[in-house]
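Spelled out from the first residue to the last, the chains are:
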Amino acid sequence: MAEDQVFAALASPVRRRVLELLLERSPRPVTELAAGFAMARPSFSEHLRVLREAGLVSERRDGRQRLYRLEVQALEEVQDWLHPFERFWRERLAQLGDVLDDLDTEGS
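Predicted, not measured: the structure shown is a model, and the values here were computed from it.

A. The arrangement of the overall build of the chain in detail. Along its length, the chain carries five helices and three strands. Sequence-ordered secondary structure for the chain, helices as α and strands as β, is α-α-β-α-α-β-β-α. Compactness check: the chain gives a C-alpha radius of gyration of 20 Å against a globular reference of 13 Å for 108 residues, more than 25% above the reference. The buried share of the chain, reckoned over its 108 residues, is 27%. Contacts in the chain between residues far apart in sequence, at least 24 positions, make up 53% of those at least 6 positions apart. Only carbon and sulfur atoms are counted for the fraction: they give 52% of the accessible area of the chain, which is about 7600 Å². The averaged location of the 20 negative side-chain charges in the chain is 15 Å from the averaged location of its 16 positive side-chain charges.

If you want it as structure tokens, here you go:
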């Protein structure tokens, strides 16, 4: 996975919303996904292409329909990359909590 492609794909609110829709129910036909967006079909197809190339969704044909499915592996790899930052902020917030507790104790 190229993290750069995943982050670029996630930068778009349209693509994040597509992922949310697929999180609710996957797979979904492209026509159902596109119905929630006020944009031309070629523009929506471009968003789906970016998601596919980033490994966030997969596509399969079922008769005349194209079904899209959420692929979580790319998101898990991003989560692994973000984990050290989460730990950093958790430690910082714990330190802030300690300072606030000390201030509350001193003020009482």
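B. Examining the pairing of strand β2 (residues 57-62) more closely. Both β2 and strand β3 (residues 65-70) contribute to a ladder of six bridges, which runs antiparallel. Across the sheet, residue Glu59 finds its bridge partner in β3, namely Tyr68. If you look at the hairpin formed by β2 and β3, you'll find two residues sitting between the two strands, and Gly63 has a positive phi there, around 65°.

C. Local environment of the pattern of salt bridges. Taken as a whole and assessed by the stated rule, the structure comprises ten salt bridges. Among the salt bridges present, the one from Arg17 reaches Glu24, with a minimum N-O distance of 3.9 Å. Taking the shortest distance from any N to any O, the salt bridge between Arg25 and Glu32 comes out at 2.1 Å. Classification of Arg25 as partly exposed rests on a relative accessible area of 39%. One continuous salt-bridge network, built from bridges that share partners, spans Arg17, Glu20, Glu24, Arg25, Arg28 and Glu32.

D. Expanded view of the sheet that holds strand β1 (residues 28-29). Taken in spatial order, the three strands line up as β1-β3-β2 in an open sheet, and their pairing is antiparallel. One side of each edge strand has no neighbouring strand; the edge strands of this open sheet are β1 and β2. Pairing between β1 and β3: two bridges, direction antiparallel. Across the sheet, residue Pro29 finds its bridge partner in β3, namely Leu67. Its contacts with the sheet put helix α4 (residues 41-53) on β2 and β3, and the angle it makes with β2 is roughly 115°.

E. Quick look at the nonpolar core. Ranked by internal contacts, the top residues of the largest apolar core, which has 23 residues, are Phe44, Leu51 and Leu56. Elements supplying a minimum of two residues to this core: α1 (3-10), α2 (13-24), α3 (30-34), α4, β3 and α5 (73-107). A per-element tally of this core places α2 first, with five residues. Each residue touching Leu56, except ones within four places of it in the same chain, is listed here: Val6, Ala9, Leu10, Leu19, Leu51, Arg69, Leu70, Glu71, Ala74 and Leu75.

Calculation criteria
Residues numbered from 1 in each chain as written. Predicted model: local features only at pLDDT ≥ 70, side-chain atom pairs only at ≥ 80, totals over all residues. Heavy atoms only, no water. Helix = DSSP H or I, 4+ residues; strand = E, 2+ residues; numbered from the N terminus. Rg over C-alpha atoms; globule rule 2.2 N^0.38 Å. Buried < 20%, exposed > 50% of the residue type's maximum accessible area, 1.4 Å probe, protein only. Contact = heavy atoms within 4.5 Å. Areas by Shrake-Rupley, 256 points an atom, 1.4 Å probe, with all protein chains shown as cover. Lys, Arg positive; Asp, Glu negative; His and termini not counted. Charge placed at Lys NZ, Arg CZ, Asp CG, Glu CD. Pairing = 2+ DSSP bridges. Salt bridge = Lys/Arg side-chain N within 4 Å of Asp/Glu carboxyl O. Axes fitted to C-alpha atoms, helices over the stretch in contact; angles between N-to-C directions. Core = buried A, V, L, I, M, F, W, Y, C linked by side-chain atoms within 4.5 Å.

The quantities given are spatial measurements derived from coordinates; they are silent on function.
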